[in-house]
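Observations on the model geometry
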Amino acid sequence: MLSSNLADARTIWLPGKTNGGSRLAIETSPQPTYNPSTGLTYFSYSIQNGRRYKTHQASTWYCYKGIVQKNPNFRYTNGIESKNPEWSVDSLEVGGEAPIVTADSEASLNLLKAICAVVYP
């Protein structure tokens, strides 16, 4: 269950915490979008750990048909294919490399579920 009214929400806090104890939220402005040529879904999310609060731009290849599953239109360029859902933190890209987050906590899985439910390629 999402914790805000979707009609006028900008930040929707999701249930659960990350493995590090942080809370995650989906940002609805801008709305998540899907690029059919790359197979990537782009979104904004926020992370709160104690008093620290940051918003990031990200992309995932684990949204397909409204659920968390690998998008068959995405092609790995580094040859390494993960078996776990994950996303790239594009706003932290350095030297052409962006950190990859593995969705291995209740909060991170709920974030991807919320993103995928909104974007239906």
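Read on for an overview of the structure. (Residues numbered from 1 in each chain as written. Predicted model: local features only at pLDDT ≥ 70, side-chain atom pairs only at ≥ 80, totals over all residues. Heavy atoms only, no water.)

1. Description of the overall build of the protein
Keep this limit in mind: Secondary structure elements are defined from DSSP: runs of H or I of at least 4 residues count as helices, runs of E of at least 2 residues count as strands, and each element is numbered from the N terminus. For the exposure calls, accessible area comes from a 1.4 Å probe over protein chains only, and a residue counts as buried if that area is under 20% of its type's maximum, exposed if over 50%, partly exposed in between. Contacts were defined at the residue level, with two residues in contact if any of their heavy atoms lie within 4.5 Å. Working definition of accessibility: Shrake-Rupley area with a 1.4 Å probe, residue cover restricted to the visible protein chains.
Each helix and strand in the protein was counted, giving 1 helix and 7 strands. Along the chain direction, N to C, the helices and strands of the protein fall in the order β-β-β-β-β-β-β-α. In the protein, which comprises 121 residues, the share counted as buried stands at 39%. Put simply, 45% of the contacts in the protein that link residues at least 6 apart link residues at least 24 apart. Of the roughly 7,000 Å² of accessible surface on the protein, a fraction of 51% belongs to carbon and sulfur atoms.

2. Some points on the environment of Tyr120
Its location among the elements puts Tyr120 in the segment after helix H1 (106-118). For Tyr120, a relative accessible area of 59% translates into the label exposed. Along the primary structure Tyr120 and Thr33 are separated by 87 residues, whereas in three dimensions their C-alpha atoms are 9.2 Å apart. When residues no more than four places from it in sequence are discounted, the contact partners of Tyr120 are Lys65 and Gly66.

3. Considerations on the nonpolar core
We count it as follows: Remark: nonpolar core denotes a set of buried residues (Ala, Val, Leu, Ile, Met, Phe, Trp, Tyr, Cys) joined through side-chain atoms within 4.5 Å.
By size, the foremost hydrophobic cluster in this structure holds 17 residues, and its most contacted members are Leu24, Ile26, Phe43, Tyr45, Trp87, Leu111 and Ile115. Sorting the residues of this core by element identifies strand E2 (23-27), strand E4 (40-49) and H1 as the ones contributing at least two each. If one sorts the elements of this core by residue count, H1 sits on top with 6 residues. Membership of the second largest hydrophobic core comes to 5 residues, among which are Leu40, Trp61, Tyr62 and Tyr76.

4. Brief notes about unusual backbone geometry
The residue after Ser29, namely Pro30, is reached through a cis peptide bond having omega 5°. With phi around 55°, Lys65 is a residue other than glycine that occupies positive phi space. Here Lys65 lies in the loop between strand E5 (52-60) and strand E6 (86-88). Given a relative accessible area of 45%, Lys65 falls into the partly exposed group.

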